[in-house]
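One-letter residues, chain by chain:
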Amino acid sequence: MTEAVVRRTVVVQAPQDKAFHAFTERFGDFKPREHNMLASPIAQTVFEPRVGGHIYDRGEDGSECRWARVLAFDPPQRVVFSWDIGPTWQVESDPALTSEVEVRFVPETPDRTRVELEHRHLDRHGPGWEAVADGIGTDDGWPLYLARYADLLTGGA
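Below, the structure is looked at part by part. As the structure is a prediction and not an experimental result, all values here were calculated from the model.

### Re the pairing of strand β6 (residues 99-109)
Where strand β5 (residues 78-83) meets β6, six bridges bridge the pair, whose relative direction is antiparallel. Bridge assignment links Ser-82 to a residue of β6, and that residue is Glu-100. Of the pairings in the sheet, the one linking β6 to strand β7 (residues 112-120) comprises nine bridges and is antiparallel in character. When the sheet's bridge partners are listed, Glu-100 is paired in β7 with Arg-120. Linkage of β6 to β7, two consecutive antiparallel strands, is achieved through a turn of two residues.

Here it is in structure tokens:
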């Protein structure tokens, strides 16, 4: 049976502060452009760095898709945001039917940080939530995001 939580970890060669800011300020540099719910190609992904902010995609035509809300913003230790994408891969407008993602930045050395991602409460999405868990837990989900993020910090992207 699929669990209602997905956990992934990556170690990056960056101090904690740099790791945190790269994740939040450059989210659009590692988020796959093909992960798009807009009718237009994505021109930009914006991560508003404050509680109450959003994560959203802006299309080349100016349209926007707000797919997450920033729930906690504690630099450089952690950030928590909602996942407002339901089992049909459409935006969910009812906050009671959304899950949440917590990302912790744990220094291992002065120049290396362990990034722990926990996507939890997936069962809040209701019937079909297992499709969300499967989608984010496979190679094209959080593992892809974290691999691109780590690559960004080593100058690859």
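### Some thoughts on the packing of aromatic side chains
Across all of its chains, the model carries 17 aromatic pairs by this definition. With 5.3 Å between their ring centres and 65 degrees between their planes, Phe-20 and Phe-73 make a pair best called edge-to-face. Here Phe-20, found in helix α1 (residues 16-25), pairs with Phe-73, found in strand β4 (residues 64-74); they are 53 residues apart in sequence, far enough to count as distant. Accessibility classification places Phe-20 together with Phe-73 in one group, the buried group. Note that Arg-66 overlies the ring of Tyr-56, its terminal NZ or CZ placed 4.4 Å from the centroid.

### Quick notes on the sheet that holds β6
Read from one edge of the open sheet, seven strands run β1-β7-β6-β5-β4-β3-β2, paired in antiparallel fashion. On the outer flanks of this sheet lie β1 (6-12) and β2 (42-47), each paired with one strand and no other. If you compare each strand with its neighbour and ignore which way they point, the axes differ by 20 degrees on average. Here five bridges tie β2 to strand β3 (residues 54-59), and the two strands are oriented antiparallel to one another. Along β3, the bridge assignment pairs Gln-44 with Arg-58. Sheet strands touched by α1: β1, β2, β4, β5, β6 and β7. Its angle to β6, the strand with the most contacts, is close to 150 degrees. Helix-sheet contacts for helix α3 (residues 129-137) involve β1, β5 and β7, and the interaxial angle to β1 is about 15 degrees.

Rules of the game
Residues numbered from 1 in each chain as written. Predicted model: local features only at pLDDT ≥ 70, side-chain atom pairs only at ≥ 80, totals over all residues. Heavy atoms only, no water. Pairing = 2+ DSSP bridges. Helix = DSSP H or I, 4+ residues; strand = E, 2+ residues; numbered from the N terminus. Phe/Tyr/Trp six-rings, centres within 6.5 Å; stacked < 30°, edge-to-face > 60°. Buried < 20%, exposed > 50% of the residue type's maximum accessible area, 1.4 Å probe, protein only. Lys NZ or Arg CZ within 6 Å of the ring centre and 35° of its normal. Axes fitted to C-alpha atoms, helices over the stretch in contact; angles between N-to-C directions. Contact = heavy atoms within 4.5 Å.

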